Amino acid sequence: MAKITFITSNNKTIETEATSGSVMEVAVKNKVKGIDGDCGGVCSCATCHVHVKEEFWNAVGEPSELEADMLEFDDNVSEYSRLACQLKVDEVPDGLILKVAK
Amino acid sequence: MKKSTLSDPFKEAREGKGIGEMNDQDDPVKMVLGHKDVRKCAHNWKTFQSGGEEIGRIVVPSEVHIRDVRQIPFEVDPPEHKGYRALVEPWFKRPLEEEYQSKLTDIVNGVVEEALTKGSLEVVEEFSLKLQSRALTLLLNIPYEESELWISWGTHVFRSEDTALDGDKANILYDYIDAQIDKAIANPGEDLYSVLLASEANGKKMTKEEVKGVLILTFAGGRDTVINAVTNSIAYFADHPQSLQRLRDEPEIMNTAIEELIRYFSPLTQMGRVATEDTQVCEHAVKAQSRISMCWASANRDERVFEKPDEVVLDRKVNPHVGFGFGTHNCLGATHARQIMKILLTTLTEKVGSMEILDCKENIEDLDEFKRKVGFDNIQVKFNRL
Ligand code: FES
């Protein structure tokens, strides 16, 4: 069980709990504004772009090469950018805080 | 080679010079072929614009001679683009609603049942065109019966047998949309025409001309593409009964399967842009005011990105395909298209045991240097009930 908190671009905080699946799926299920997950999580739409809170970055880790490629041309990209569909709930640190990019 | 195979005619050029050249009605196009280059150009809307003076020029083949209405939001650049896109986006996300999906399921059920009852039929006209037209009534939120007229137009409203672009035929559609707009003005309802007519974008009320621009895009953008995706899916599962069985056994791979089929089919081969300044793509000079195109079909087979690019891998997990385009102008109808695919594949697994291609004629696009099979002109298929 992981606690994941999303902060949307209009500064709403949404706290969620989940045990499985991808972080994108958790966000969509909880109707987090700005995370659409159009492609269902295959790394093709970039509508699940999040910024990982700095203190969690090492625990979350770098994007894979293909994911980094997708992010390269996304707006508002930062050094803490990830695609939420590429983060697995059972692999992210408990208490993770993510800022929605859109 | 199986009938459903769509080969990759761009491989050599993509790996060699990275671009292709196409003479489109004496207005040449530099085709960008690599995945990264395609995404880079799509992202760079300042250098490679969609708007511009000449309406219809970014479409390949160019529509400058058959259209003078600007398609919206597709032929508008940021920042104005944003206002239009924001207006239409929620409407085009309606396919995520349950009620929409249940109506779409009825439509898909209808065509699949018809195919099973008949035993064999010509899929392009009798299956895909019907499915696409009926589904479009949901997207526009208008009565189902309206689809009968569009079906009667045949698969090619903008093309005739001997020419890729046919002005007279295009006018049928434009006149029709004009009449529908006037009808909606006289009698506003809950349909897309009325909703747009009552809306504002970028702080201004939508004009008739702008509404027409959105509707032309909706009709044109979602016709061949959806018909090709549906027809190619039928052909693929006819050729690969084990894949249909796999979807039946593992419904959890439905999503990756759909994205993979979209990658493999790439229903829209390419989309153009006009350069606003002297620039270059993969070290080839591009002159200001000349055209490039982003070749989605080629990018989707780039072996630097996709392992076994010419194979359909139904559970491909990381699949950064550009089948719905990329960047600012990514496909507005993608949600609707994905839902059609999802319900179609689900229905096939529930009702169809196997299919058999009896006869077919391939639809080959002539792109000068390249000939690309994009689907079928016609394909006769036998459907066997599960
Ligand atoms: S959901 Fe499409 S890239 Fe993450």
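Treat the numbers as computed from the prediction; the structure is a model and nothing was measured. (Residues numbered from 1 in each chain as written. Chains lettered and ligands numbered in written order. Predicted model: local features only at pLDDT ≥ 70, side-chain atom pairs only at ≥ 80, totals over all residues. Heavy atoms only, no water.)

Draft legend 1. Molecular detail of unusual backbone geometry. In this model, V60(B) is joined to P61(B) through a cis peptide bond whose omega is 0°. Turning to its location among the elements, P61(B) is positioned in the loop between β3 (48–49) and α3 (80–92). The step from I72(B) to P73(B) runs through a cis peptide bond, and the omega angle for that step is 5°. Of note in this structure, N76(A) is not a glycine but carries a positive phi near 55°. Mapping N76(A) onto the fold places it in the loop between α3 (65–72) and β4 (81–83). In the Ramachandran plot, N202(B) falls in the positive-phi region, its phi being about 50° despite a non-glycine side chain. Mapped onto the fold, N202(B) is located in the loop between β5 (200–201) and β6 (204–205). (Helix = DSSP H or I, 4+ residues; strand = E, 2+ residues; numbered from the N terminus.)

Draft legend 2. Looking closely at the pairing of strand β1 (residues 19–22) of chain B. All names here are of chain B. With four bridges joining them, β1 and strand β2 (residues 29–32) adopt antiparallel strand pairing. Bridge pairing links M22 to V29 in β2. Between β1 and the antiparallel strand that follows it, β2, lie six residues; Q25 among them carries a positive phi value of about 50°. (Pairing = 2+ DSSP bridges.)

Draft legend 3. Spatial organisation of the packing of helix α4 (residues 98–118) of chain B against helix α5 (residues 123–140) of chain B. Residue and element names in this part refer to chain B. Where α4 meets α5, the axes come as close as 10 Å, and the angle between the chain directions of the two elements is 160°. Classified by the angle between their axes, α4 and α5 sit roughly antiparallel to one another. Crossing of α4 against α5: the hand is right-handed. Facing Y100, K103, L104, I107, V108, V111, V112, E114, A115 and K118 of α4, the residues of α5 in contact are E126, F127, K130, L131, R134, A135, L138 and L139. Of the residues assigned to the contact of α4 with α5, the class counts are 12 nonpolar, no polar and six charged. (Axes fitted to C-alpha atoms, helices over the stretch in contact; angles between N-to-C directions. Parallel < 35°, antiparallel > 145°, perpendicular 65-115°, else oblique. Left-handed = near helix turned anticlockwise from the far one by under 90°. Contact = heavy atoms within 4.5 Å. Nonpolar A, V, L, I, M, F, W, Y, C, P; charged D, E, K, R; others polar.)

Draft legend 4. View of the sheet that holds strand β3 (residues 49–52) of chain A. All names here are of chain A. On the basis of which strands lie adjacent, the open sheet formed by five strands has the order β2-β1-β5-β3-β4 and mixed pairing. What marks the edges here is a single partner per strand, and that holds for β2 (13–18) and β4. For this sheet, the mean angle separating the axes of adjacent strands, direction not counted, is 35°. Relative to β2, strand β1 (residues 2–7) runs antiparallel, the two being bridged by six bridges. Counterpart to I4 in the pairing with β2 is T16. Contacting β3 and β4, α3 crosses the sheet at an angle of about 110° to β4.

Draft legend 5. Representation of the interface of chain A and chain B. Contacts between the two partners involve 15 residues from chain A, matched on the other side by 17 residues from chain B. Summing both partners gives a buried area of about 1500 Å² for chain A against chain B, and 55% of it is carried by carbon and sulfur. The largest contributions to the chain A side of the interface with chain B come from V42(A), L66(A) and F73(A), which together make up 44% of the buried area. Viewed at the interface, chain B and chain A are joined by four salt bridges. The residue D36(A) makes a salt bridge to K93(B) at a minimum N-O spacing of 3.7 Å. Summed over the shared surface of chain A and chain B, the number is nine residue pairs in polar contact (both at pLDDT 80 or more). The residue makeup of the side of chain A that touches chain B, split by class, is six nonpolar, four polar and five charged. (Buried area = accessible area lost by both parts, 1.4 Å probe. Salt bridge = Lys/Arg side-chain N within 4 Å of Asp/Glu carboxyl O. Polar contact = N/O pair within 3.5 Å; in protein donor to acceptor, adjacent residues only side chain to side chain.)

Draft legend 6. Here's a closer look at α5(B). Residues and elements named next belong to chain B. Compared with an ideal rise of 1.5 Å per residue, which puts 18 residues at 26 Å, α5 spans 24 Å between its outermost C-alpha atoms and is within 8% of the ideal. Of all bends in α5, the biggest is about 30°, found at L129. Counting buried positions over the 18 residues of α5 gives 16, a clear majority of the element. Looking at where α5 begins, the residue whose side-chain oxygen comes 2.9 Å from the main-chain nitrogen of V124 is E122. Phi turns positive, to about 60°, at N141, one or two residues after α5. (Expected span 1.5 Å × (residues − 1). Bend = angle between axes of the 7 residues up to and from the residue. Buried < 20%, exposed > 50% of the residue type's maximum accessible area, 1.4 Å probe, protein only.)

Draft legend 7. View of the sheet that holds strand β12 (residues 370–385) of chain B. Residues and elements named next belong to chain B. Strand order in the open sheet formed by three strands is β4-β12-β11, and the pairing between neighbours is antiparallel. The sheet is open, and its two borders are formed by β4 (120–122) and β11 (352–367), each paired with just one other strand. For this sheet, the mean inter-axis angle between neighbouring strands, taken without regard to orientation, is 20°. Relative to β12, β4 runs antiparallel, the two sharing three bridges.

Draft legend 8. Main features of the side chain of R134(B). Residues and elements named next belong to chain B. Along the chain, R134 falls in helix α5. Of the buried charged residues, R134 lacks a salt bridge, with E114 as the closest side chain of opposite charge at 4.6 Å. Excluding anything up to four places from it in sequence, R134 contacts I107, V111, Y144, S147 and I151. (Lys, Arg positive; Asp, Glu negative; His and termini not counted.)

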